[in-house]
Amino acid sequence: VVLGDVGDNLAAGMSGGVTWIWDATGNVRKRVVPPEIDVSALDPRAPHPTYPQELQDLHTMLKSHVDFTGSAVAESILKR
C-alpha cells in the first residue's frame, strides 16, 4: 500500500503481486514501468475476478495503518 508519491520506474523489477497506490495527483500511470504492468482503478462494486477478497485485504491493511500511525490519509480513504 502506497499512500504518498511514487518515483519513476514504479514496478520495475516486480514479478507478480498487487500494489495499491493512492493516486491523489493522478500521475501514477505515467510512472509505471514496464508497459506490461496492469494499472487499474479499484471499483468497490466490481470485485477483481482473480482477487475477490481484494477490498477486504486493503481495508484490513489501511485500518492497521491508521491504528499504528494515526494516518489521516488512510483514515480518509476508509471513510469513502
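Look up a bit, the structure's there.
What counts, and where the lines are drawn
Sequence order sets the numbering: in each chain, residues are counted from 1 along the sequence as written. Reporting in this predicted model follows two pLDDT cut-offs: at least 70 for local features of residues, and 80 or more for side-chain atom pairs to be given and counted; totals over whole chains, interfaces and linings ignore these cut-offs and use all residues. Side-chain metrics rest on all non-hydrogen atoms present in the structure, leaving aside hydrogens and water. By convention in these notes, a salt bridge is any Lys or Arg side-chain nitrogen within 4 Å of a carboxyl oxygen on Asp or Glu. What counts as a helix is a DSSP run of H or I of at least four residues, what counts as a strand is a run of E of at least two, and both are numbered from the N terminus. For the exposure calls, accessible area comes from a 1.4 Å probe over protein chains only, and a residue counts as buried if that area is under 20% of its type's maximum, exposed if over 50%, partly exposed in between. A helix's residues, less one, multiplied by 1.5 Å, set its expected span. Here the arc refers to the set of directions running from the helix axis out to each C-beta atom.

Peer 1: Can you help me understand the pattern of salt bridges in this one?
Peer 2: Pairing of side chains with opposite charge becomes possible as their charged atoms draw close. Evaluated as defined, the whole model comprises three salt bridges. Across the pair aspartate 43 and arginine 45 runs a salt bridge, and its minimum N-O distance is 3.3 Å. One salt bridge in this structure joins aspartate 67 and lysine 63, with 2.8 Å as the shortest N-O distance. A residue pair is termed a helical-turn pair when its members lie 3 or 4 positions apart in one helix, as aspartate 67 and lysine 63 do in helix 2 (residues 54–69) at four residues. Lysine 63 sits in the partly exposed class, given a relative accessible area of 39%.

Peer 1: Just to check I follow, could you spell out the environment of glycine 13 for this structure?
Peer 2: With respect to the helices and strands, the residue glycine 13 is situated in the segment before helix 1 (28–31). Residues glycine 13 and glutamate 36, 23 residues apart in the sequence, show an inter-C-alpha distance of 12 Å.

Peer 1: Whenever I open this one, helix 2 confuses me. Can you help?
Peer 2: Helical geometry: 3.6 residues make up each α-helical turn, so side chains three or four residues apart lie on a common side. With 16 residues, helix 2 extends 22 Å between its outermost C-alpha atoms, agreeing within 8% with the 22 Å of an ideal straight helix rising 1.5 Å per residue. If you check which residues of helix 2 are buried, you get Glu54, Leu58, Leu62 and Val66. Looking straight down helix 2, one finds its buried side chains confined to an arc of 95°; they lie on one side. Exposed residues on helix 2 whose side chains face more than 90 degrees from its buried face are Asp67 and Phe68. In the segment just after helix 2, glycine 70 is the residue with positive phi, at about 75°.

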